[in-house]
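An overview of the molecular structure
Letter by letter, the chains look like this.
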Amino acid sequence: MRIAVFGSGYVGLVTGACFADVGHEVIGVDINRQRVEDLNNGIVPIYEPGLEGMIASNREHGRLSFTTDAAEALDGADVAFIAVGTPQGTDGSADMTYVLQVAHTIGDLAYGDLVVVDKSTVPVGTAARVQGIIDERLESRNAEHNVEVCSNPEFLKEGAAIDDFKHAARIVLGTESDNVEKVMRKCYDPYNRQHDKILVMDAESAELTKYAANAMLATKISFINEIASIAERTGADIEHVRVGIGSDPRIGYQFLYPGAGYGGSCFPKDVAALAWTAREAGYEPQILKAVESVNQFQKTQLGKKLASEVGNLSGKTVAVWGLAFKPKTDDIRDAPAINLIQYLLDNGAFVRAYDPIAAPNMDLKFGSRDGLHFSDDKYVALRGADALAICTEWEEFRAIDEERMSQLMAGRTIVDGRNLYDRKTMKDHGFKYVTIGRPVLNPE
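Residues numbered from 1 in each chain as written. Predicted model: local features only at pLDDT ≥ 70, side-chain atom pairs only at ≥ 80, totals over all residues. Heavy atoms only, no water.

With parallel pairing, the six strands of this open sheet are ordered in space as S11-S10-S9-S12-S13-S14. The outermost strands of the open sheet, each flanked by one partner alone, are strand S11 (372-374) and strand S14 (432-434). Sheet twist, expressed as the average angle between the axes of neighbouring strands with direction ignored, equals 20°. Direction of pairing for strand S9 (residues 317-321) relative to strand S10 (residues 350-354): parallel, over a ladder of five bridges. Bridge pairing in S10 links Trp321 to Tyr354. Of the strands in this sheet, S9, strand S12 (387-390), strand S13 (413-416) and S14 are in contact with helix H13 (residues 301-310), which crosses S13 at around 160°. (Pairing = 2+ DSSP bridges. Helix = DSSP H or I, 4+ residues; strand = E, 2+ residues; numbered from the N terminus. Axes fitted to C-alpha atoms, helices over the stretch in contact; angles between N-to-C directions. Contact = heavy atoms within 4.5 Å.)

Written out as structure tokens, the structure reads:
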């Protein structure tokens, strides 16, 4: 099949590369000329394991290319995916500017039958809205092409997106058109072999499914963080509690990990957008407000724990391990490390930060801020540090040299926002080990 993908961000690149990888001919479209030029020269603007190699391989075999010319991409296309950004507006709503711009473009340039797919995360009713725009543009130029719009939300985890696409638990398709279903089944057929994973429903239900899925996962994170706050105040150990409830098959272990709060491009934005959708529909959401509130509270806790254990932060040096909102990505959007670094700098501390991938993005975020230095090695960041804070559970942080850390650090306080280490081991090496949802462990 010939596929056009509008948007060369995270979702668009993964979608295009994975479809090209099974033999479809894919053209990515973006209005950013520099990005298109970079992609055609093998420069990938985001970090996602396996993506750079997949794009290079499919470009080499002529199955994947990039252009700024929408007409070129739509020429002969069977399917056009809309995978542009829907950033959060000031009122919590999803900004639909880019999605609607693509709808106008398709309506103006489509010269044949076409299935248009909303891949972006969009509010309920967007497929109908996009269909209306395209129909209006087609009618204005007396075009009689059969252009149908459906919803096909993505369920990709950053850091495991290629595997999620190729081995999806489900492929949600929002349409009531037999023709659209037939075309989309052909599109996804290489990834739908072992059993039928395609769930066909109306577009509105598909759109709500995406928001509901992310809101449910965010809810689990905020729930376990709230239980962790209770555990800290009652002497319980959240790690025991987590296992105690996660072993129940009705609950499960996934996303039941206490930490510094969730971030990224999806959960914060989608929870807010779903809450906005509810209010627009005349319903005041209760759980969604609590999920957001708990998460905002949780992002303040690492800074407060440091201040409580170290004392006056002014003039102190704090090492920060992990800047991305999660491992295996360079995405720092709404990352807990942002809140922590800002808090430390505002309170006069010096920050030495390390992340294996995301440091350049955090550097751009803060600019040339006095008191903030980025290290190329996790141990280098510890030199002379009065305390260490851990924000992201990168694998390289799991195995550490405690003796070396003890020799490098001026202080002995570790505030671990991901509960990575054995508490007794840290205590035996002379560290004050502060975690989430567990009693503070002081060295003997």
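Moving on, we come to the packing of helix H11 (residues 267-280) against helix H12 (residues 287-298). Their axes nearest at 10 Å, the elements H11 and H12 cross at an angle of 150°. Our classification of the angle between H11 and H12 gives roughly antiparallel. Classified by chirality, the crossing of H12 by H11 is left-handed. Where H11 approaches H12, its residues Val271, Ala272, Leu274, Ala275 and Arg279 are matched on the opposing element by Leu288, Lys289 and Glu292. Split by residue class, the contact of H11 with H12 holds five nonpolar, no polar and three charged. (Parallel < 35°, antiparallel > 145°, perpendicular 65-115°, else oblique. Left-handed = near helix turned anticlockwise from the far one by under 90°. Nonpolar A, V, L, I, M, F, W, Y, C, P; charged D, E, K, R; others polar.)

Another aspect to go through is helix H8 (residues 178-188). Burial in H8 covers these residues: Val180, Val183, Met184, Cys187 and Tyr188. Across the axial projection of H8, the buried residues extend over an arc of 125°, all falling on one side. Residues of H8 that are exposed and angled more than 90 degrees away from the buried face: Asp178, Lys182 and Lys186. Regarding H8, its N-cap is Ser177, as a side-chain oxygen of that residue lies 3.3 Å from the backbone nitrogen of Asn179 further along. (Buried < 20%, exposed > 50% of the residue type's maximum accessible area, 1.4 Å probe, protein only. Arc of directions from axis to C-beta. Polar contact = N/O pair within 3.5 Å; in protein donor to acceptor, adjacent residues only side chain to side chain.)

Let us look at the packing of aromatic side chains. To describe a pair of aromatic rings, you give the distance between the ring centres and the angle between the ring planes. Counted under the stated rule, the structure contains eleven aromatic pairs. Both rings, one in Phe255 and one in Phe267, keep their centres 6.2 Å apart while their planes meet at 45°; by these two values the pair is tilted. Of this pair, Phe255 sits in the loop between helix H10 (238-246) and H11 while Phe267 sits in helix H11; the two residues are twelve residues apart in sequence, bridging distant segments of the chain. Take Phe267: its relative accessible area is 13%, and that puts it in the buried class. On the basis of an interplanar angle of 85° and a centroid distance of 6.4 Å, the ring pair of Trp321 and Tyr379 is categorised as edge-to-face. One end of the pair, Trp321, is in strand S9; the other, Tyr379, is in the loop between S11 and S12, and 58 residues separate them in sequence. When sorted by exposure, Trp321 lands in the same class as Tyr379, which is buried. Sitting above the plane of the Tyr111 ring, Arg141 keeps its charged end 4.5 Å from the centroid. A cation sits over an aromatic face here: Arg170 above Phe155, 3.8 Å from the ring centre. (Phe/Tyr/Trp six-rings, centres within 6.5 Å; stacked < 30°, edge-to-face > 60°. Lys NZ or Arg CZ within 6 Å of the ring centre and 35° of its normal.)

The subject of this paragraph is the packing of helix H9 (residues 203-234) against H12. The contact between H9 and H12 brings their axes to 9 Å, and the two run at 55°. Regarding the angle of H9 to H12, the classification is oblique. The crossing of H9 and H12 is left-handed. Side by side, H9 and H12 meet where Ala215, Ala218, Thr219, Ser222, Asn225, Glu226, Ser229 and Arg233 of the first sit next to Ile287, Leu288, Val291, Val294, Asn295, Phe297 and Gln298 of the second. Its residues placed into classes, the contact of H9 with H12 shows seven nonpolar, six polar and two charged.

Because side chains alternate across strand S4 (residues 79-82), one face comprises the buried residues Val79 and Phe81, and the other comprises Ala80 and Ile82, equally buried. Pairing analysis gives four bridges linking strand S1 (residues 2-6) to S4, with the strands arranged parallel. Opposite Ile3, over in S4, you have Val79 as the bridge partner. Traced from S4 through helix H5 (residues 97-109) to strand S5 (residues 114-118), the parallel crossover comes out right-handed. (Right-handed = clockwise from strand over helix to strand, strands pointing away.)

In this model, Lys328 sits at a positive phi of 65°, which is unusual for a non-glycine residue. Summarising the element assignment, Lys328 is placed in the loop between S9 and helix H14 (336-346). In the Ramachandran plot, Asp334 falls in the positive-phi region, its phi being about 55° despite a non-glycine side chain. Note on placement: Asp334 falls in the loop between S9 and H14. Look at Asp334 and you get partly exposed, because its relative accessible area is 39%.

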